[in-house]
Amino acid sequence: MTRIFVAGHRGMVGSAILRQLQARRDAGEDLDLITRTSRELDLTEQAAVRDFMATERPDAVILAAAKVGGIHANNTYPAEFIHKNLMIECNVIHEAWAAGVTRLLQLGSSCIYPREAPQPIREDALLTGILEPTNEPYAIAKIAGIKLCESYNRQYGTDYRSVMPSNLYGPGDNFDPENSHVMPALIRRFHEAARDGLDRVVMWGTGTPRREFLHVDDMARASLFVFDLDRETYQANTDPMLSHLNVGSGTDISIGDLAQLVARVTGYQGRIENDLTRPDGTMRKLMSSDKLMAMGWTPQVDLERGVAETYRWFLENRAG
């Protein structure tokens with residue numbers, strides 16, 4: 001039996017990974033899945049994480065826990081974003097090693113790359129330029145997570161891996177109007193505008209920045225694909241000091257076109273206006289997932305279908 005601790009199992013990505021692991025277990029795979037809520041285990045508290053690892057003795061760890069948010073949240077709470085994410089990574093990775101865990105997968109973010117990185121962004125663009133200021137603290141923490149994994153691998157011979165997703169969306173997303181990412185924010189805004197019969201929706205920025213979106217179920221499949229790779233294959237496709245793998249859909253869309261898509265899905269028929277006093281963020285962020293795709297993984301959910309599925313989930317679980 002393989003005991004796997006899924007940290008962050010209530011988050012959007014963690015819950016998707018957990019669903020797929022549960023399906024494997026139900027199909028006969030010998031898995032013991034360990035979870036804890038944040039109330040049961042505060043991952044920012046080193047002693048609590050140490051005691052948990054020593055008691056539960058997982059064979060492997062999937063680290064999907066993080067403090068996340070959109071541009072507004074990152075700008076408003078930069079200290080919280082860097083501190084909490086650093087603490088989570090340091091505690092989980094170090095105490096996993098101390099408890100003898102040799103296999104670990106940690107999830108990061110495409111914001112680790114420089115603001116002006118050549119497109120599509122390859123893994124070797126890491127640490128080659130200035131980060132996007134609006135989410136630099138979060139990005140620094142996620143870069144540290146990659147380097148933690150690489151450092152423990154180099155010094156202790158562990159098999160700790162990192163995957164960097166593009167912008168994720170899907171069931172379980174955060175639709176809070178103040179702290180959500182662009183996709184759920186647009187879904188909620190256009191839903192409420194259609195519901196209330198508004199004649200206009202105002203969007204932040206110019207609408208020209210382009211973003212790559214990946215459905216959370218595709219990310220979960222990619223995470224477990226990388227998690228399951230034999231060590232030789234993973235090492236043959238990465239470098240000891242550049243070991244992370246990008247996970248993306250391979251295509252991007254402008255925020256303006258995305259707004260039009262979300263408007264169609266939600267049934268909104270009014271005007272879409274732009275607030276040019278608000279920041280755009282990085283102008284383009286398309287990642288190269290060539291390494292991962294060359295190993296056999298491909299995304300399965302196209303954007304229009306994914307947005308429609310996400311909106312249905314929102315209506316059933318979050319809509320007021």
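Before any of the text, the structure's been laid out above.
Scope of this entry: the structure provided in the associated data block. (Residues numbered from 1 in each chain as written. Predicted model: local features only at pLDDT ≥ 70, side-chain atom pairs only at ≥ 80, totals over all residues. Heavy atoms only, no water.)

Side note on the layout of surface pockets
In this structure, the second largest pocket occupies an estimated 170 Å³ of space. When contributions to the lining of the second largest pocket are tallied by element, the ones reaching two or more residues are α5 (136-156), β5 (159-165) and α8 (231-236). In the lining of the second largest pocket, the residues fall into three nonpolar, five polar and five charged. (1 Å grid on protein atoms, 1.4 Å probe; cavity = no way out; pocket = protein on both sides within 12 Å on 5 of 7 lines; lining within 4 Å. Points joined across faces, edges and corners; volume = space filled by probe spheres on them. Helix = DSSP H or I, 4+ residues; strand = E, 2+ residues; numbered from the N terminus. Nonpolar A, V, L, I, M, F, W, Y, C, P; charged D, E, K, R; others polar.)

Quick look at the packing of aromatic side chains
Inspection of every chain in the model, using the stated rule, returns ten aromatic pairs. Measuring from centroid to centroid gives 6.4 Å for tyrosine 311 and phenylalanine 314, while their planes differ by 20°, and the two rings are stacked. Of the two residues, tyrosine 311 and phenylalanine 314 are both situated in helix α11 (residues 303-317); the distance of three residues between them amounts to about one turn of the helix. Each member of the pair, tyrosine 311 as well as phenylalanine 314, carries the same accessibility label: buried. Members of the aromatic cluster, joined through ring pairs, are Phe175, Tyr311, Trp313 and Phe314. A cation over a ring is seen here: arginine 103 above phenylalanine 227, with NZ or CZ 4.1 Å from the ring centre. (Phe/Tyr/Trp six-rings, centres within 6.5 Å; stacked < 30°, edge-to-face > 60°. Buried < 20%, exposed > 50% of the residue type's maximum accessible area, 1.4 Å probe, protein only. Lys NZ or Arg CZ within 6 Å of the ring centre and 35° of its normal.)

A closer look at the state of the cysteines
What the rule picks out here adds up to zero disulfides. Cysteine 149 supplies the cysteine sulfur nearest to cysteine 111, a cysteine that is in no disulfide, at a spacing of 16 Å. Classification of cysteine 149 by relative accessible area gives buried; the value is 0%. (Disulfide = S-S within 2.5 Å.)

Here's the deal with helix α6 (residues 182-196)
Spanning 15 residues, α6 covers 21 Å between terminal C-alpha atoms, matching the ideal 21 Å at 1.5 Å per step. Along α6, the residues that are buried comprise Met183, Pro184, Ala185, Leu186, Ile187, Phe190, His191 and Ala193. Looking at the packing, one finds that the buried side of α6 touches β6 (167-169), β7 (200-204), β9 (213-215), α9 (255-266), β12 (271-275) and α11. Positive backbone phi, at 70°, marks glycine 197, one or two positions downstream of α6. (Expected span 1.5 Å × (residues − 1). Contact = heavy atoms within 4.5 Å.)

Things to note about the sheet that holds strand β11 (residues 253-254)
Pairing in this open sheet of three strands is mixed, and the strands run β11-β8-β13 from one edge to the other. Every other strand in the sheet has two partners, leaving β11 and β13 (284-285) as the edge strands with one partner each. The pairing of strand β8 (residues 210-211) with β13 spans two bridges and is parallel. Looking across to β13, one finds that arginine 210 is bridged to arginine 284. (Pairing = 2+ DSSP bridges.)

A closer look at the packing of helix α4 (residues 78-98) against α5
In contact at an axis separation of 8 Å, α4 and α5 are set at 15° when each is read in the N-to-C sense. In this view, α4 runs roughly parallel relative to α5, as classed from their interaxial angle. As α4 runs across α5, the sense of the crossing is right-handed. On α5, the residues that touch Pro78, Phe81, Ile82, Asn85, Leu86, Glu89, Cys90, Ile93, His94 and Trp97 of α4 are Pro137, Tyr138, Ile140, Ala141, Lys142, Ala144, Gly145, Leu148, Cys149, Tyr152 and Tyr156. For the contact of α4 with α5, the per-class residue count stands at 16 nonpolar, three polar and two charged. (Axes fitted to C-alpha atoms, helices over the stretch in contact; angles between N-to-C directions. Parallel < 35°, antiparallel > 145°, perpendicular 65-115°, else oblique. Left-handed = near helix turned anticlockwise from the far one by under 90°.)

Side note on unusual backbone geometry
Cis geometry marks the peptide bond from glutamine 119 to proline 120, where omega comes out at -10°. Considering the arrangement of structural elements, one finds proline 120 in the loop between β4 (103-107) and α5. Although it is not a glycine, arginine 57 sits at a positive phi angle of roughly 45°. Note that arginine 57 resides in the loop between α2 (46-56) and β3 (60-63). What makes arginine 57 partly exposed here is its relative accessible area of 43%. The phi dihedral of leucine 127 is positive, around 65°, even though this residue is not glycine. Looking at the secondary structure, you find leucine 127 in the loop between β4 and α5.

On their own, these measurements won't tell you what the molecule is for.
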